[in-house]
2 protein chains.
Amino acid sequence: MSKIRLGIIQPEINENTLENLTRYSRSIQSLAAKGADLIVLPELQNGPYFCQSEDVANFDIAEPIPGPSSDYYARLAKENNVLLLVTLFEKRGRGLCHNTAVVFGRDGGIRGKYRKMHIPDDPGYYEKFYFTPGDIGFKPIDTEIGRLGVMICWDQWYPEGARLMALAGADLLIYPTAIGYTTDDDPDEIKRQREAWITVQRGHAVANNLHVVAVNRTGYEPDHTKATKGIHFWGSSFVCGPQGEILAMGREDAEEEMLVEIDTERTDKVRHWWPFLRDRRIDKYGDLTLRYRD
Amino acid sequence: MSKIRLGIIQPEINENTLENLTRYSRSIQSLAAKGADLIVLPELQNGPYFCQSEDVANFDIAEPIPGPSSDYYARLAKENNVLLLVTLFEKRGRGLCHNTAVVFGRDGGIRGKYRKMHIPDDPGYYEKFYFTPGDIGFKPIDTEIGRLGVMICWDQWYPEGARLMALAGADLLIYPTAIGYTTDDDPDEIKRQREAWITVQRGHAVANNLHVVAVNRTGYEPDHTKATKGIHFWGSSFVCGPQGEILAMGREDAEEEMLVEIDTERTDKVRHWWPFLRDRRIDKYGDLTLRYRD
């Protein structure tokens, strides 16, 4: 199967998890009715982006997988006969949590998980406090519609992850994400950051000749500690083709439900013109496993 | 030294090498007089892009380094008190040739060489016939204005090369190149290819927080074998900053002499906001040295 209809939900997320989940249920139903094969939600879609501060109370919302949230999404996948990709704050063991993507098949079964490998930590994004770095590695998830190279947010800045997924036969790359700007930054810097985020992912598409899907949240979420001015999530969820060409782009400041058809056979075609994988100098790449070449 | 004035020469190149070299001499003098610290010429600037066909006669133009061409450029560097980056068809031994970048210092001395690592081979770009893959590896060149991550053309599609240069402390990345389109392609495909070429290099800038400089030729060069319709080199030489932001962009279809000031201290600033190098998962990158993960 090379033609895939991607459903993208770019929500504004509020404090009321039940209300968020109910809205997703409606959006999933609507996109599935329009023919979506796979629906992708943004990173940690259940509620506000809690990593804006370090608060031990937040560990209480972590859940095992399977668990209540994953059961809920599994049911939505099955009821709508659609694949579904969500991210959950996974409680793997006592005091051992991950930022984990889960892919459900049309029957509601878990096709696979990806545990976020690169964990950020900068003002407003204190993820190293909450998330143990993933140990599954860069392993794509096999599904009835293809092999999905699922990664999460901060991973999107790393060409290594994209390449490892491509080398493992991923048919496309998918990044649920939660990224935005703070009003402390001037407008030029905000523009540079958003464009850098789009550009680096389009770059992964080009370097690996794969479609790339990025799904972000939108809207403002305050920092309850008042340490920062909160985050304006910049939306801009997008799909690009294997030459980095933009196929669909969501608005910055509004919710979106998008349905985008891609054809992963395009990857073969582009790789025949531009056979990058043929010419990799694997004999000289060993130092990529060094921290620094000093 | 963090502020660098880059001189870029984007020429239309004709069959008369002496005339090409004379024009470069004038351009170098002019850019140096305007304050350029480093002047970059496109890939294999001495004459037409001879790799459009496989012709053993072309091996006769390969030269040792040092040799007549490198002596000529060394003198230009010294006379104009400027650093100079050129690429030469290097005859390293009998029947052993490379596509080699050479950096000359202000005194005309050779600061270092880079031998093209990734060698393309597709219709119109038969480089595997002429060029032995480089064995110096991804080793930046130390100069009086900084550590230059010099690579060549096809290398620009490979995130691995950019990353290895960054890990070795490169202050910026520089790609002399010779790339264009054939009129066999439809206008949409031409646009996608040119934009993919720009995007993937901007992506290296973002992923490594480094300035990137790409210098291409412009104009049409026929394929004397008539096997293809020849190449329209698409110019578009550009400089982007460490967030991928375009700082200067040459025209597609006209010669250019550009002078662009950059400040490599910007790399530190951006790396403090976005500490990508801090979070690389070197424990899970080992498979990057595999041909394919099957």
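Residues numbered from 1 in each chain as written. Chains lettered and ligands numbered in written order. Predicted model: local features only at pLDDT ≥ 70, side-chain atom pairs only at ≥ 80, totals over all residues. Heavy atoms only, no water.

### As for the interface of chain A and chain B
Interfaces are often sized by the accessible area lost when the parts come together.
Point 1. Each partner contributes residues to the interface: chain A has 58 residues there, and chain B has 58 residues.
Point 2. Carbon and sulfur atoms supply 59% of the area that chain A and chain B bury against each other, a total of about 5700 Å² over both sides.
Point 3. Summed over the three residues of chain A that lose the most area to chain B, namely A:Leu288, A:Arg291 and A:Arg293, the buried surface amounts to 12% of that side.
Point 4. Linking chain A to chain B there are eight salt bridges.
Point 5. Two residues, A:Asp279 and B:Lys128, come together in a salt bridge whose shortest N-O distance is 2.7 Å.
Point 6. Scanning the region where chain A abuts chain B turns up 40 residue pairs in polar contact (both at pLDDT 80 or more).
Point 7. Those elements that provide at least two residues to the side of chain A that touches chain B are α4 (159–167), α5 (187–208) and α6 (265–273) of chain A. (Contact = heavy atoms within 4.5 Å. Buried area = accessible area lost by both parts, 1.4 Å probe. Salt bridge = Lys/Arg side-chain N within 4 Å of Asp/Glu carboxyl O. Polar contact = N/O pair within 3.5 Å; in protein donor to acceptor, adjacent residues only side chain to side chain. Helix = DSSP H or I, 4+ residues; strand = E, 2+ residues; numbered from the N terminus.)

### Points about the sheet that holds strand β9 (residues 180–181) of chain B
Residues and elements named next belong to chain B.
Point 1. Spatial strand order, β9-β12-β11: three strands in an open sheet with antiparallel pairing. Each of the sheet's edge strands pairs with one partner strand only, and the pair in question is β9 and β11 (218–221).
Point 2. Across four bridges, β11 lies against strand β12 (residues 231–234) in antiparallel orientation. Opposite Tyr220, over in β12, you have His232 as the bridge partner. (Pairing = 2+ DSSP bridges.)

### A short note on the packing of α5(A) against helix α5 (residues 187–208) of chain B
Point 1. Where α5(A) meets α5(B), the axes come as close as 7 Å, and the angle between the chain directions of the two elements is 120°. Between α5(A) and α5(B), the angle is such that the two are oblique. Here α5(A) and α5(B) pass one another in a crossing that is left-handed. Contacts from A:Glu195, A:Ala196, A:Thr199, A:Val200, A:Arg202, A:Gly203, A:Val206 and A:Ala207 of α5(A) reach α5(B) at B:Glu195, B:Ala196, B:Thr199, B:Val200, B:Arg202, B:Gly203, B:Val206 and B:Ala207.
Point 2. The residue inventory of the contact of α5(A) with α5(B), partitioned by class, reads eight nonpolar, four polar and four charged. (Axes fitted to C-alpha atoms, helices over the stretch in contact; angles between N-to-C directions. Parallel < 35°, antiparallel > 145°, perpendicular 65-115°, else oblique. Left-handed = near helix turned anticlockwise from the far one by under 90°. Nonpolar A, V, L, I, M, F, W, Y, C, P; charged D, E, K, R; others polar.)

### Side note on helix α4 (residues 159–167) of chain B
Point 1. The buried fraction of α4(B) amounts to nine of the nine residues, a majority that puts the element mostly inside the structure.
Point 2. If you check which residues of α4(B) are buried, you get B:Pro159, B:Glu160, B:Gly161, B:Ala162, B:Arg163, B:Leu164, B:Met165, B:Ala166 and B:Leu167. (Buried < 20%, exposed > 50% of the residue type's maximum accessible area, 1.4 Å probe, protein only.)

### With respect to the pattern of salt bridges
Point 1. Applying the stated rule across the entire model yields 51 salt bridges over all chains.
Point 2. Residue A:Arg192 pairs with A:Glu189 through a salt bridge whose shortest N-O separation is 2.6 Å. A residue pair is termed a helical-turn pair when its members lie 3 or 4 positions apart in one helix, as A:Arg192 and A:Glu189 do in helix α5 at three residues.
Point 3. Of the residues examined, A:Arg192 reaches a relative accessible area of 22% and is grouped as partly exposed.
Point 4. Among the ionic pairs, B:Glu90 bridges to B:Arg115, the shortest N-O distance being 2.8 Å. With a gap of 25 residues between them, B:Glu90 in strand β3 (residues 83–93) and B:Arg115 in strand β5 (residues 110–115) connect regions that are remote in the sequence.

### Side note on the pairing of strand β12 (residues 231–234) of chain A
Point 1. By the bridge criterion, two bridges tie strand β9 (residues 180–181) of chain A to β12(A) in an arrangement that is antiparallel. Bridge pairing in β12(A) places A:Gly180 opposite A:Phe233.

### Topic: the confidence of the model for chain A
Point 1. Confidence in the prediction for chain A averages 97 pLDDT; 100% of positions are at 70 or higher.
Point 2. Taken over the whole predicted complex, pTM reads 0.98, whereas the ipTM for its chain interfaces reads 0.97. (pLDDT = per-residue confidence, 0-100.)

### Some words on the packing of helix α1 (residues 17–33) of chain A against helix α2 (residues 68–80) of chain A
Residues and elements named next belong to chain A.
Point 1. Between α1 and α2, whose axes approach to 10 Å, the crossing angle comes to 25°. The pairing of α1 with α2 is recorded here as roughly parallel in orientation. Relative to α2, the crossing made by α1 is right-handed. Between α1 and α2, the residues in contact are Leu21, Thr22, Tyr24, Ser25, Ile28, Gln29 and Ala32 and Tyr72, Tyr73, Leu76 and Asn80, respectively.
Point 2. Its residues placed into classes, the contact of α1 with α2 shows seven nonpolar, four polar and no charged.

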